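Close look at the chain arrangement
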Amino acid sequence: MSIKNNLLNIKSSLPEHVTLVAVSKTKPVTDLMEAYNAGQRIFGENKIQEMTEKWEQMPKDIQWHMIGHVQTNKVKFMAEYVSLIHGVDSLKLLHEINRQAQKHNRVIDCLLQIHIAEEETKFGLDENELNEILNFVQNNEEGFKNIRIVGLMGMATFTDNQEQIKKEFLHLKSIFDANQNLKSEICNLKSLSMGMSGDYKLAIECGSTMIRVGSSIFGGR
Ligand SMILES: *Cc1c(COP(=O)(O)O)cnc(C)c1O
């Protein structure tokens, strides 16, 4: 099937409260434009340089989401335009995003990444680290005027075991729910980014509001 058909099929199956991020990493601009011409305006990339090259070439009404792990020293390359950073997992990174956003007179939305998978290798915070960051930011609002923490993100273990994946998604959802009392200007958890091509249906059942789908739209990488 074509990129356009893949995209429209997935979109038509989604509940209204679920946002689709089209994950276009490694794919050429011509592929992204096919999705753009079919109406897609949110694209996710995992490398800052590649995302910036695409941003430069493509229409300016696109929202660019950084879904990969972010190195502090590279924030400056996307601060002018990035619309949401999914993988924030340290205070140091939040400080840097705030600093770079300030230079561009912008407010950059961030999701905090929670470690829910069994694998050691996946990035992310545990619940204690999350609470530390949320507390620190709320007690130091003056220092974070150019960021907003708008939700959480997580990746399940890479496995075929649906029960395992479900357990991990529900765990993330419970952390998300436990922080719904935060309603400040800077911390207000509205988005729950979980689910990829292989597991987005399950993720939606478990409460996802934002799915990151690549290969089911653009084909394998
Ligand atoms: C690549 C990637 C996706 C999309 O994966 P697909 O299986 O191609 O849908 C989603 N989230 C993150 C963080 C990724 O790196």
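Each chain carries its own residue numbering, running from 1 in the written order of its sequence. A pLDDT threshold of at least 70 governs which residues receive local features in this predicted model, and a stricter bar of 80 or more applies before side-chain atom pairs are shown or counted, although totals over entire chains, interfaces and linings include all residues. Side-chain descriptors were evaluated using all non-hydrogen atoms of the structure, hydrogens and water having been removed beforehand.

One speaks of a salt bridge when a side-chain nitrogen belonging to Lys or Arg is within 4 Å of a carboxyl oxygen belonging to Asp or Glu. Applying the stated criterion across every chain yields a total of 7 salt bridges. Put simply, D61 and R41 hold a salt bridge, and the shortest N to O gap is 3.1 Å. Of the two residues, D61 sits in the loop between α3 (48–57) and β3 (63–66) while R41 sits in the loop between α2 (29–37) and β2 (42–45), which places them 20 residues apart along the sequence. For R41, a relative accessible area of 28% translates into the label partly exposed. A salt bridge links R99 to E96; its shortest N-O distance comes to 3.0 Å. A residue pair is termed a helical-turn pair when its members lie 3 or 4 positions apart in one helix, as R99 and E96 do in helix α4 (residues 91–103) at 3 residues. According to the relative accessible area criterion, E96 is buried, its value standing at 12%. Salt bridges here are not isolated pairs; linked through shared partners, they connect E45, E50 and K54. Only DSSP runs of H or I reaching four residues or more are called helices, and only runs of E reaching two or more are called strands; each is numbered from the N terminus. Between buried and exposed lies partly exposed: a residue is buried under 20% and exposed over 50% of the maximum accessible area for its type, with that area taken using a 1.4 Å probe on protein chains only.

Along an α-helix, a turn takes 3.6 residues, which lines up residues three or four apart on a common side. Within α3 the residues assigned to the buried category are I48, M51, T52, K54 and W55. Summarising the axial view, the buried residues of α3 lie within an arc of 165°, below the 170-degree limit, and thus occupy one face. With respect to the buried face of α3, the exposed residues turned more than 90 degrees away are Q49, E56 and Q57. Residues of α3 that are buried in the fold lie against α2, β2 and β3. For this quantity, the arc is that covered by the directions from the helix axis to the C-beta atoms. Working rule for contacts: check all heavy atoms of both residues, and any pair within 4.5 Å makes them a contact.

Our next topic: the UniProt feature "modified residue: N6-(pyridoxal phosphate)lysine" (unreviewed entry) in the protein chain. Taking the numbering used here, the UniProt-annotated feature "modified residue: N6-(pyridoxal phosphate)lysine" (unreviewed entry) corresponds to K25. Within the fold, K25 resides in the loop between β1 (19–23) and α2. Residue contacts for K25: discarding those within four places in its chain leaves G44, E45, N46, E50, K54 and R221. UniProt positions are given in the numbering used here, feature names are shortened, and annotations may be inferred rather than shown by experiment.

For this analysis, a ring pair means two rings from Phe, Tyr or Trp (six-membered ring only for Trp) whose centres lie within 6.5 Å, classed as stacked if their planes differ by under 30 degrees, edge-to-face if by over 60, and tilted for the remaining angles. Under the counting rule described, the total for this entry stands at 3 aromatic pairs. Ring plane angle 35° and centroid distance 5.8 Å describe the contact between F43 and W64, whose orientation is recorded as tilted. On the criterion of sequence distance, the pair formed by F43 in strand β2 and W64 in strand β3 is long-range, its members being 21 residues apart. Taking the relative accessible area as the measure of exposure, F43 reaches 0% and is therefore buried. With a relative accessible area of 1%, W64 lands in the buried category. Centre to centre, the rings of F136 and F144 are 6.2 Å apart; their planes meet at 85°, and the pair counts as edge-to-face. According to the relative accessible area criterion, F136 is partly exposed, its value standing at 34%. In this analysis the charged atom, NZ for Lys or CZ for Arg, is taken to sit over a ring once it is within 6 Å of the ring centre and within 35 degrees of the ring normal. Sitting over the face of the ring of W55, K60 holds its NZ or CZ atom 5.5 Å from the ring centroid.

Quick look at the pairing of strand β7 (residues 187–193) now. A large share of β7 lies buried, amounting to 6 of its 7 residues. In the sheet, strand β6 (residues 147–154) pairs with β7 via 4 bridges, with the strands oriented parallel. Residue pairing for β7: I149 is matched across the bridge by C187. Here is how to tell: hold the view so the strands point away, follow the path from the first strand over the helix to the second, and if it runs clockwise the crossover is right-handed. Handedness of the β6-helix α6 (residues 162–178)-β7 crossover: right-handed. Strands are treated as partners if at least two bridges between them are detected by DSSP.

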